[in-house]
Structures are given as structure tokens and as C-alpha cells.
Amino acid sequence: MTDVLTRSFLAALSNPASVADEAALMAALTASVTAARARFPGVEFEASAVGRHLGEKVVAEADPLAALARLRTEELCLVCACLAGNPRALQLFDAAYLAPVAERLRRSGLAAEVVADARQRIAGSLLVADSGGTRRLATYSGRGDLAGWLYVAIAREARRLAGREARFTAADDLELADERIGGDLELAHLKATYGEAFRRSFHTALAELDEQARNLLRQHLLDGLSIDQIAALQRVHRATAARRLVRVREDLALRTRALLVQDLGLSERESDSVLRLVRSQLDLSLTRVLGAGA
């Protein structure tokens, strides 16, 4: 099995020669499967499929062996078995991940029927291929907790379903319905997961701005100047001042996301969620940092 694991892992890489120590790779892959078997008893892990699946997660890394050590390989092994249609793997996936995530969402205040519907919809979509032939479950990168990844997906779907139902409630009930949606569960999870990395990336991105851009942000957020007042100070048309402010804010958000993606090795899907987190925190973070004299 170990030879098959190693060969299939190397075959998935864009540059197999980047693995300098095949013996160490074999040991790491074997340990990953052994740990997965202990954690998920009764699941058969097919060696070539597991090796290929793990290799695809580090396909372009300069040091695939080091990158592999940073992944949640046990959960990736379970995902691989689920993608292969293993009944025991699917049973454990539902019991160990989908059910606890749904329960956590119910405790947050979402209606039980909304959570149940969201769970069922997400569970049904995970093994369905998109137009490009990629199944949703296969996009789990292994860089973060599988339960957290599922929490975001189910919370997003639950929020969508709850919002749809809220449109049919009486007007007096709309505020309560919005509150029941939970104040944005996905953002709460993103803050908990990426909060520290966000702060590092944000500080770096802000430091890269020139002084003129930082002054523009200070004038708007700290001094409370309107666009008309900023335009008068800069002796430009108000539309020009507005465009400059929008451009600086967007450049800062995109640069923060780029640094976060680079720091954490996020997938494209994950980076889209992170951009939402960045934009939600931008003004508050700017106010704090610029107010402290950055």
C-alpha cells in the first residue's frame, strides 16, 4: 500500500522532483492513513485514490512534503472515501460533521426547520459535479477544520432560506426574523478562523499605502470630513475625490485578501469568503489603526 500511496501522490504533483526525500514522504502518507483508520473505524481507504487526493492539495507547492504536514490529512482521507461513495465514510461524515454543525446552528437561534432544510440541501450538493466536473466536497482544501468549512456552507444556505421566509412574514415580524438569522453566522465563523491572520495582513497592506492615501483615509474616517470637504482640501471635483476614496479602500481590501490567501494558502472559493470578511472589517480596523497613529 505504501508504494501505491507514494506513487499516486507523486503523480498528482506538477513537479514530482520537488520531493527530495521519498522515504519521508512514504512515512508521512502511511501515518496519515493509519491515523484516519483509527479516527474513522470501518472505512476502507483506497491507496491510489488517497495518494492522488492528497497530492492534488499540494500540487504546486515548492515543498510538497512540508505542505502536507500542514494539512488535516485525516479529514482529507475521509473526504476522499466519501467522494468514492464509501457507505461507511458517508455515514461517519454525516454523524461526525453534518449533524454537529446543524446542532450548533440550531443553538445559535436559527429555526430548526430552516437548519434541517439547509443541511439537507448542502449534503445533497456536496457530491454533485458542477459544470466543470468538480464536486463541491472535493474543493475542501484541508487547510482548515472540515466542520468549520461545512459550518460556513450550511450557515450561508440557512441564512438564504431564512431570508426567503422572512419576505413572507408580517411587517411587524421582519426585525425579529432578521435578528433570528443570527447577525451573520458566516462572518462570525470567518472572524474566529482568520482573525489573527487578517490583522497581520491588514497591517502589512496598510503600511504599503503611500502617505497621500493614508491621509485621505484619516480625513474621511477620523476627521469625519465629507466628500465635498475632502474635494475642497485637495482642490479637485467631488467626483474625483469620491473615486480616489473608493479606489484606495478597494485597493486596500484586495491587497489584504491577497496577503491572507498567500499566508494561509486559501482556495479561490475560500478567498471570496475572506474578501467579504475584509470588507466587513475595513472601516473599524482603519479607525483603530489610524487613530493609534499608523
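The preceding data block contains the structure.
Residues numbered from 1 in each chain as written. Predicted model: local features only at pLDDT ≥ 70, side-chain atom pairs only at ≥ 80, totals over all residues. Heavy atoms only, no water.

Novice: Can you tell me about the nonpolar core, naming the residues and giving the values?
Specialist: As a rule of thumb, nonpolar side chains are buried together in soluble globular proteins. By size, the foremost hydrophobic cluster in this structure holds 55 residues, and its most contacted members are Phe9, Phe45, Phe93 and Leu150. Elements with a contribution of two residues or more to this core: helix 1 (2-12), helix 2 (22-39), helix 3 (47-57), helix 4 (64-69), helix 5 (73-83), helix 6 (87-107), helix 7 (112-125) and helix 8 (146-166). Among the nonpolar cores identified, the runner-up in size contains 30 residues, and Ile227, Ile230, Leu252 and Leu290 belong to it. (Core = buried A, V, L, I, M, F, W, Y, C linked by side-chain atoms within 4.5 Å. Buried < 20%, exposed > 50% of the residue type's maximum accessible area, 1.4 Å probe, protein only. Helix = DSSP H or I, 4+ residues; strand = E, 2+ residues; numbered from the N terminus.)

Novice: Account for the pattern of salt bridges, naming residues and giving values.
Specialist: Tallying each qualifying case throughout the model produces 13 salt bridges. Arg107 is paired through a salt bridge with Glu103; the nearest N and O atoms lie 3.8 Å apart. Residue Arg107 and its partner Glu103 are both found in helix 6; the two are separated by four residues, about one turn of the helix. On the basis of relative accessible area, Arg107 is assigned to the exposed category, the value being 61%. A residue is classified by how much of its surface remains accessible, and Glu103, at 33% relative accessible area, is partly exposed. The network of salt bridges with shared partners includes Arg39, Glu74 and Glu75. (Salt bridge = Lys/Arg side-chain N within 4 Å of Asp/Glu carboxyl O.)

Novice: Which residues make up helix 6, and what values do they have?
Specialist: Quick reminder: α-helices carry 3.6 residues per turn. Residues three or four places apart thus point the same way. Relative to the 30 Å expected for 21 residues at 1.5 Å per residue, helix 6 spans 29 Å between its end C-alpha atoms, a close match to the ideal helical length. All of the buried residues in helix 6 are Ala89, Leu92, Phe93, Tyr97, Leu98, Val101, Ala102 and Leu105. Two or three places before Arg88, at the opening of helix 6, Asn86 has a side-chain oxygen 3.0 Å from that residue's backbone nitrogen. Phi turns positive, to about 120 degrees, at Gly109, one or two residues after helix 6. (Expected span 1.5 Å × (residues − 1). Polar contact = N/O pair within 3.5 Å; in protein donor to acceptor, adjacent residues only side chain to side chain.)

Novice: Help me get a handle on the packing of aromatic side chains, residues and values and all.
Specialist: Both the distance between ring centres and the angle between the ring planes are used here to describe each pair of aromatic rings. Following the criterion strictly, the structure yields three aromatic pairs and no others. Measuring from ring centre to ring centre gives 5.6 Å for Tyr140 and Trp149, while their planes differ by 55 degrees; the resulting arrangement is tilted. Like Tyr140, the residue Trp149 is buried in the burial classification. Its guanidinium or amino end placed over the ring of Tyr151, Arg104 lies 3.8 Å from that ring's centre, counting from NZ or CZ. (Phe/Tyr/Trp six-rings, centres within 6.5 Å; stacked < 30°, edge-to-face > 60°. Lys NZ or Arg CZ within 6 Å of the ring centre and 35° of its normal.)

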